[in-house]
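Spelled out, the chains give:
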Amino acid sequence: MLDFVFILLIILEVILSTIIVLKIIALEKYILLLNKKLTCASKMIFIVNNKIKKTIISLNKFVSIVTNKKFIQISRIIRITLNVIEIVILLRSLDLSKGIKSINYKNIKKLLLAQVIRKIIRKIITNMAAA
């Protein structure tokens, strides 16, 4: 009787070993398939990462130009020059020798429009720099 039990155990062990080996082979094939998919995904991620790096580098160059001290000084000089020109135009339009009726309102409207546009552009640039 004991021999029968041992023979049965050996047969069960062989069957279970065969099933386990087959499952391991199937899972190995599945792992190789997942490895190929992961390799393809990593290549795509690497390509996207390089593109994003290039974009960030170009943005950093633009931001460094905008925040450059020389650029800020040049922009201040241009702003002061434009303000002086606007003051000259305003003084020319205010010919007070003839009274208030001789004021050229077209030039004043142009100056106000230019001032509003300049402030809007400045706000947009500061908001972009802050973001």
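Residues numbered from 1 in each chain as written. Predicted model: local features only at pLDDT ≥ 70, side-chain atom pairs only at ≥ 80, totals over all residues. Heavy atoms only, no water.

1. Focus: the overall build of the protein
Secondary structure assignment for the protein yields three helices and zero strands. Seen in sequence order, the protein has helices and strands lined up from the N terminus as α-α-α. The 131 residues of the protein split such that 4% are buried. Accessible surface, the protein: about 12200 Å² in total, of which carbon and sulfur atoms supply 74%. (Helix = DSSP H or I, 4+ residues; strand = E, 2+ residues; numbered from the N terminus. Buried < 20%, exposed > 50% of the residue type's maximum accessible area, 1.4 Å probe, protein only. Areas by Shrake-Rupley, 256 points an atom, 1.4 Å probe, with all protein chains shown as cover.)

2. Points about the environment of Ile87
Assignment of secondary structure puts Ile87 in helix α2 (residues 69-93). For the pair formed by Ile87 and Leu111, sequence separation is 24 residues and the distance between their alpha carbons is 9.1 Å.

3. Looking at the confidence of the model for the protein
The predicted coordinates ought not to be read in detail in places where the model reports low pLDDT. On average, residues of the protein score 82 in pLDDT, and 84% of them reach the 70 mark or higher. Per-element confidence in the protein is highest for helix α1 (residues 2-66), whose mean pLDDT is 91, and lowest for α2, whose mean pLDDT is 76. (pLDDT = per-residue confidence, 0-100.)

4. Brief notes about the side chain of Arg118
Positionally, Arg118 belongs in helix α3 (residues 105-130). Beyond its immediate sequence surroundings of up to four residues, Arg118 is in contact with Arg79, Leu82, Asn83 and Glu86. (Contact = heavy atoms within 4.5 Å.)

5. What about a nonpolar patch on the surface?
Where nonpolar side chains cluster on the molecular surface, the patch consists of Leu2, Phe4, Val5, Phe6, Leu8, Leu9 and Leu12 and spans about 680 Å² of accessible area. Mapping Val5 onto the fold places it in helix α1. For Val5, a relative accessible area of 37% corresponds to the partly exposed category. (Patch = residues over 30% accessible without salt bridge, like charges linked within 9 Å, V, L, I, M, F, W, Y side chains within 5 Å. Salt bridge = Lys/Arg side-chain N within 4 Å of Asp/Glu carboxyl O.)

6. Observations concerning a positive patch on the surface
There is a patch of like positive charges on the surface, built from Arg76, Arg79, Lys119, Arg122 and Lys123. Elements that contribute at least two residues to the positive patch include exactly α2 and α3. It is α3 that provides the largest number of residues to the positive patch, a total of three residues. When you line up the elements, Lys123 lands in helix α3. Classification of Lys123 by relative accessible area gives exposed; the value is 58%. (Lys, Arg positive; Asp, Glu negative; His and termini not counted. Charge placed at Lys NZ, Arg CZ, Asp CG, Glu CD.)

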